[in-house]
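# Fold and geometry: a report
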Amino acid sequence: MTRSLRQISRDARRLSPVFIIGEARSGSSMLYRILLRHSSFAPRRETLQETSLIRQAPLAYGFDGQNPANLRRYMLDDDDCWRAFLASLRPIRPLLRAAALTQPLLGERFPWAWYLAPSRLVARSYLVHAQRARGSRRTLEKTPRHVEHVGRLFGCFPRARLLYIHRHPVDVYSSYVRRGQTDPKAHWARIPVEEFCALYRRNARRALRAAARRPQAVRLVRYESFTADPERGLREICGFLGEPFEPGLLGGFDADRARWAHWEGSSVLYGPVVQTTKDWTDYLSAADARRVEDELAPEMRRFGYRRHLPSAGAAAGGHSL
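Note that this is a predicted model, so its numbers are computed, not measured.

Conventions adopted
Residues numbered from 1 in each chain as written. Predicted model: local features only at pLDDT ≥ 70, side-chain atom pairs only at ≥ 80, totals over all residues. Heavy atoms only, no water. Helix = DSSP H or I, 4+ residues; strand = E, 2+ residues; numbered from the N terminus. Buried < 20%, exposed > 50% of the residue type's maximum accessible area, 1.4 Å probe, protein only. Contact = heavy atoms within 4.5 Å. Expected span 1.5 Å × (residues − 1). Pairing = 2+ DSSP bridges. pLDDT = per-residue confidence, 0-100. Axes fitted to C-alpha atoms, helices over the stretch in contact; angles between N-to-C directions. Parallel < 35°, antiparallel > 145°, perpendicular 65-115°, else oblique. Left-handed = near helix turned anticlockwise from the far one by under 90°. Nonpolar A, V, L, I, M, F, W, Y, C, P; charged D, E, K, R; others polar. Phe/Tyr/Trp six-rings, centres within 6.5 Å; stacked < 30°, edge-to-face > 60°. Lys NZ or Arg CZ within 6 Å of the ring centre and 35° of its normal. Core = buried A, V, L, I, M, F, W, Y, C linked by side-chain atoms within 4.5 Å.

## With respect to the overall build of the protein chain
- Along its length, the protein chain carries 15 helices and 4 strands.
- Out of the 321 residues belonging to the protein chain, those deemed buried represent 53%.
- Pairs at least 24 apart in sequence give 72% of the contacts found in the protein chain among residues at least 6 apart.

Structural data, given as structure tokens:
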């Protein structure tokens, strides 16, 4: 018997999906590929595909048999589940089309504009059908930019759990620069230092507020601590998620897989967890690194990060750390 969209939405509200969010180049893919090995999250076939579901949900009036390709890939290109998802949207497609005319006019200045479309119904239906397609007991999804939409994630899935992975901003920005230099398609990574600092600041503050408001549902994961002792980090994360720790999570990776996983663009993604993947001084000047640390000093303090370089004022005065 075909379930109505209302029934699907009701079922989705009872789910407890896990969303990995964070700043790009902060280890979210590393954490994702490890947790995908857990028996509760493991799909029938591995993929590190992101969904950007919250951003795309209001655009569902234009979804068809093949698009959006990223949402299909997350569903492992399961035709039956994809068609069932599209069929569930038929009653609300007119509303989605109408709302699509108003949202671009309102823009991000009015966050409630997202709710003018039945976006929550789209997101819930998608996740229910995706979990069925993937064959996992529990949904695990990674879209770093979902840090911008924490409220909407909880509006769709009240029982969700969020993992925000963060990293020292100098190491993050140097990773941006490296990605921009080595991947011709990574236009998003080629941003000036001022733009990076503004982005890091906004996302850090969003995550810190969310963790303070919902400590039982949002966990901050420090990249440096996790890579220093991955077993301990995973035990803590599994406990937070209400899942048993499984020792096999940290074994059996093959760095050669990065040869075909070209979009990840990292030879270390499928290898053992390591603390250092590069030297930031190979990609940033001291002036740019100091600018990052000066601009993001409050956020660094909140995350407990020390400076790599003395501040501009200290450097001018001849002081050292």
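Still more ground to cover, so stick around.
## As for helix α9 (residues 169–182)
- End to end, α9 covers 20 Å across 14 residues, agreeing with the expected 20 Å (1.5 Å per residue, within 8%).
- For α9, a buried count of 12 out of 14 residues is recorded, marking the element as mostly surrounded by other parts of the structure.

## Here we look at the pairing of strand β1 (residues 18–22)
- For β1, a buried count of 5 out of 5 residues is recorded, marking the element as mostly surrounded by other parts of the structure.
- In β1, alternate side chains face the same way, and those of Val18, Ile20 and Gly22 on one face and Phe19 and Ile21 on the other are all buried.
- As paired strands, β1 and strand β2 (residues 140–142) are joined by 3 bridges and run parallel to one another. In the strand pairing of β2, Phe19 is matched with Glu141.

## Thoughts on the confidence of the model for the protein chain
- The pLDDT averaged across the protein chain works out to 89; a share of 86% of its residues lies at or above 70.
- Note that residues 258–265 has pLDDT below 50 and, in this model, 12 contacts with residues that lie over four places away or in other chains.

## Here we look at the packing of α9 against helix α13 (residues 286–295)
- Running from N to C, α9 and α13 cross one another at 130 degrees; their axes reach a closest spacing of 9 Å. One element, α9, and the other, α13, form an angle in the oblique class. Where α9 crosses over α13, the two elements pack in a sense that is right-handed. Along its contact with α9, which presents Pro169, Val170 and Tyr173, the element α13 presents Ala289, Val292 and Glu293.
- Each residue belonging to the contact of α9 with α13 can be placed in one class, and the counts come to 5 nonpolar, no polar and 1 charged.

## Observations concerning the sheet that holds β2
- Reading across the sheet, the 4 strands line up as β2-β1-β3-β4 and stay open at both edges, with parallel pairing between neighbours. In this open sheet, the two edge strands, each paired with only one partner strand, are β2 and β4 (218–222). Ignoring strand direction, the axes of neighbouring strands in this sheet form an average angle of 20 degrees.
- With 5 bridges connecting them, strand β3 (residues 161–166) and β4 associate as parallel partners. Within the sheet, the bridge partner assigned to Leu162 lies in β4 and is Val218.

## Side note on the packing of aromatic side chains
- Throughout the structure, instances matching the rule amount to 12 aromatic pairs.
- Between the aromatic rings of Tyr74 and Tyr126, the centroid separation amounts to 6.3 Å while the plane-to-plane angle is 35 degrees, which identifies the pairing as tilted. Note that Tyr74 is positioned in helix α4 (residues 69–74) and Tyr126 in helix α7 (residues 119–134), a separation of 52 residues in sequence.
- Of the aromatic side chains, those joined through ring pairs into one cluster are Phe63, Tyr74, Trp82, Phe85 and Tyr126.
- It is Arg167 that lies over the ring of Tyr223; its NZ or CZ is 4.1 Å from the centre.
- The ring of Phe154 has Arg214 lying over it, and the distance from NZ or CZ to the ring centre is 4.0 Å.

## Regarding the environment of Leu163
- Along the polypeptide, Leu163 turns up in strand β3.
- Spatially, the C-alpha atom of Leu163 lies 6.1 Å from that of Leu220, the residues being 57 residues apart in sequence.
- Those residues in contact with Leu163, other than ones at most four positions away along the chain, are Val18, Phe19, Ile20, Ile21, Leu31, Leu35, Arg219, Val221, Ile237, Phe240 and Leu241.

## A closer look at α7
- For α7, which comprises 16 residues, the first-to-last C-alpha distance of 22 Å matches the rise-based estimate of 22 Å (1.5 Å per residue) to within 8%.
- Burial of α7 is extensive: 13 of the 16 residues sit out of reach of the surface.

## Focus on the nonpolar core
- Core analysis: the biggest nonpolar cluster contains 93 residues, and Phe85, Tyr126, Leu162, Leu163, Tyr173, Tyr176 and Phe196 have the highest contact counts within it.
- Examining the composition of this core, we find that 10 residues originate from one element, helix α10 (residues 193–213), more than from any other.
- What Leu162 contacts, discounting residues up to four positions off in sequence, is Phe19, Ile21, Val150, Leu153, Phe154, Ala217, Val218, Arg219 and Phe240.

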